[in-house]
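Summary of the model geometry
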Amino acid sequence: MKIVEKIKNLIKTEKKDGFTLEELEDFLGSYGINVDDIDRSSDLSETIYYICLKHLSETMSKMPWELRALTIKKGKEKVVNSKIDSILNLRPNPYMTAATFWGTVELNKLHHGNAYIYIEADKNGFPRYLWLLPSSEVKIWIDNKGIFGKTNAIWYVWTDKRSGKQYSFEMDEIIHLKTHISFDGLSGVPIRDILKTQISSGKNSIGFLNKLYKNNMFGSKVLVHYTGELKQGAEAKIATKLENFSKTQGSGKFIPIPLGMQAQLLDMKLADAQFFENNKVSALQLAAAFGIKPNIINDYTKSSYSNSETQQVDFYVNTLQPLFKAYEQEIAYKLLSEREINKGYRLEINEKILFKMDNKTQAEVYSKYLTNFAMTPNEVREDLNLPYIEGGDTLLGNGSTINLENIGNQYNKNKGGE
């Protein structure tokens, strides 16, 4: 119980004021993350990197979980289990909603490479609460000599930097979610470590623009022309005076120079440096590493409405499906008992909410499902958030299709004893 109390205290720690980035404050603050120390040197201050984290974590925060049973006769059935549903879809722990919790898990996984969730069990061994451990303070240990009783067992060791105490967890006590980049299969590599060049380039470009705006779009260097000769030490004296004047008076002010001298601004034009073109390429490369499509980062250069829709489908197939599968396999294995797994129980993410349709398209799709034996009326009403109706569990159809073995029977007059 000491470990649980320690985690509770971490979550209840009061946040400080004075955040650096307003948009970052709103997003990370909603997830309970203290962003007081984030400044322009932070990776999170790079806009495209931030957008990618935001999009994937918000996607994960809205996904609903379902317990399903795999059966031979009835296929995959939804199972109502109030305990597991409450943990995954309502309140993983007393301090976080499910949306906040899963969004924070994904954010930590992407930024740190790994997310660690401690499973607090009740007296019967059933999962009671889920607690997110600080990713940067957890290490993975492998007991290759069996010192703790199990040879090659995996242990998760959390070193609390506030108290210096260490807490060890067995593998079955921790839900470990990692990025798709892993060289040993045990721990994930942070995306920011692989994309240091692109992230650094983005931060430098932001810093360059900020400096330019602070100078009221003026260059920071001034070249002084003089046709005569200056006495020894005069050059340094003039340069020092010009620098001191520009610092005290601010940018955009007139700089007094001695008679007979001429000032010329030294500046690098954004167009000459292909500033925007290079930034665009760097942004696309950074987004691609996350599996984010150009339309997500507001790049519609080669996009149309239909093309954007295709990009959304591609994003689901190539980015979200592997993400969901990794979550489903790890969480089902750690939260379900061996008996439940052997009986065919699985935890799955309901992906339907990703494909919301307009009213006209929705009506057409469900009408076709309903009249072609694909869905029962009650299944359609459930998707539409409507209550079941009596007799609505029967499949319907227009009868225009028959089984292959029954072809021609309708022309047989002697069928049925006639």
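Residue positions are given per chain, counted from 1 along the sequence in the order it is written. With pLDDT at 70 or above as the cut-off, local features in this predicted model cover only qualifying residues; side-chain atom pairs require 80 or more to be listed or tallied, and sums for whole chains, interfaces and linings still use all residues. Hydrogens and waters are ignored; side-chain quantities use all the structure's heavy atoms.

**A few points about the sheet that holds strand β3 (residues 114-121)**
Two strands in a sheet stick together by hydrogen bonds in their backbones, pointing the same way (parallel) or opposite ways (antiparallel). Here is the rule: Two strands make a pair as long as DSSP finds a minimum of two bridges between them. Helix numbers and strand numbers start at the N terminus; a helix is a DSSP run of H or I with at least 4 residues, a strand a run of E with at least 2. Helix axes are fitted only over the stretch in contact, all axes being lines through C-alpha atoms; the angle between N-to-C directions runs from 0 to 180 degrees. In what follows, residue pairs with any heavy atoms lying within 4.5 Å of each other are defined as contacts.
As summarised here, the arrangement of the three strands in space is β4-β3-β8, forming an open sheet in which the pairing is antiparallel. Each having just a single partner strand, β4 (127-133) and β8 (174-178) make up the two edges of the open sheet. Across the sheet, the mean angle from the axis of one strand to that of its neighbour is 25°, orientation sign disregarded. Packing of helix α5 (residues 98-112) onto the sheet brings it into contact with β3, β4 and β8, and relative to β3 it is tilted by some 140°.

**Brief notes about the confidence of the model for the protein**
Stated formally: pLDDT measures the predictor's confidence residue by residue and takes values from 0 up to 100.
With 62% of its residues at a pLDDT of 70 or more, the protein shows a mean pLDDT of 76. A low-confidence stretch, residues 14-21 stays under pLDDT 50, and its non-local contacts, those more than four residues away or across chains, total 15 contacts. This model gives residues 31-41 a pLDDT under 50, and the stretch forms 33 contacts once residues within four places in sequence are excluded.

**Overview of the packing of helix α3 (residues 47-61) against α5**
Note the following rule: For classification, angles of less than 35 degrees are called roughly parallel, those exceeding 145 degrees roughly antiparallel, those between 65 and 115 degrees roughly perpendicular, and all remaining angles oblique. Less than a right angle of anticlockwise turn of the near helix away from the far helix marks a crossing as left-handed, whereas a clockwise turn marks it as right-handed. Charged means Asp, Glu, Lys or Arg here, nonpolar means Ala, Val, Leu, Ile, Met, Phe, Trp, Tyr, Cys or Pro, and polar covers whatever is left, Gly included.
Their axes nearest at 8 Å, the elements α3 and α5 cross at an angle of 140°. Looking at the two axes, α3 sits oblique to α5. Seen along the crossing, α3 lies across α5 with a hand that is right-handed. Along the contact surface, α3 presents Tyr49, Leu53, Leu56, Ser57, Met60 and Ser61, while α5 presents Ala99, Trp102, Gly103, Glu106, Leu107, Leu110 and His111. Here the contact of α3 with α5 is composed, by residue class, of eight nonpolar, four polar and one charged.

**Observations regarding the packing of aromatic side chains**
Threshold: For Phe, Tyr and Trp, where Trp contributes only its six-membered ring, two rings pair if their centres lie within 6.5 Å, and the inter-plane angle classes them as stacked under 30 degrees, edge-to-face over 60, or tilted in between. Working definition: with a 1.4 Å probe on protein chains only, accessible area under 20% of the residue-type maximum means buried, over 50% means exposed, and in between means partly exposed. Only when the NZ of Lys or the CZ of Arg is both within 6 Å of the ring centre and within 35 degrees of the ring normal is a charge said to sit over the ring.
Under the defined criterion, the tally for this structure stands at ten aromatic pairs. On the numbers, 6.4 Å between centres and 70° between planes, the contact of Tyr366 with Tyr369 is edge-to-face. Taken together, the residues span about one helical turn, with Tyr366 and Tyr369 both in helix α12 (residues 359-371) at a distance of three residues. What makes Tyr369 partly exposed here is its relative accessible area of 39%. Each member of the aromatic cluster is reached from another via a ring pair, and the members are Trp65, Phe101, Trp102 and Tyr327. Over the face of the ring belonging to Phe126 we find Lys83, whose NZ or CZ atom lies 5.4 Å from the ring centre.

**Let's talk about the environment of Phe126**
Within the element layout of this structure, Phe126 appears in the loop between β3 and β4. Taking the C-alpha atoms as reference, Phe126 lies 8.6 Å from Ser337; in sequence the two are 211 residues apart. Contact partners of Phe126, with chain neighbours within four places excluded, come to Lys83, Ile84, Ile87, Glu120 and Ala121.

**Thoughts on the side chain of Glu120**
Rules: Polar contacts, as used here, are pairs of N or O atoms within 3.5 Å; protein pairs need one atom able to donate a hydrogen and one able to accept it. Residues neighboring in sequence count only if both atoms are side-chain atoms.
Structurally, Glu120 can be placed in strand β3. Within the structure, Glu120 has its side chain in polar contact with the side chain of Trp131 (distance 2.8 Å).

**Some remarks on α5**
Condition: To estimate how far a helix should reach, multiply one less than its number of residues by 1.5 Å.
Taking 1.5 Å of rise per residue, 15 residues should cover 21 Å, and α5 covers 21 Å from first to last C-alpha, within 8% of that figure. Within α5, 13 of the 15 residues are buried, which leaves the element mostly enclosed by the surrounding structure. Positive phi appears at Gly113, one or two residues downstream of α5, with a value of about 95°.

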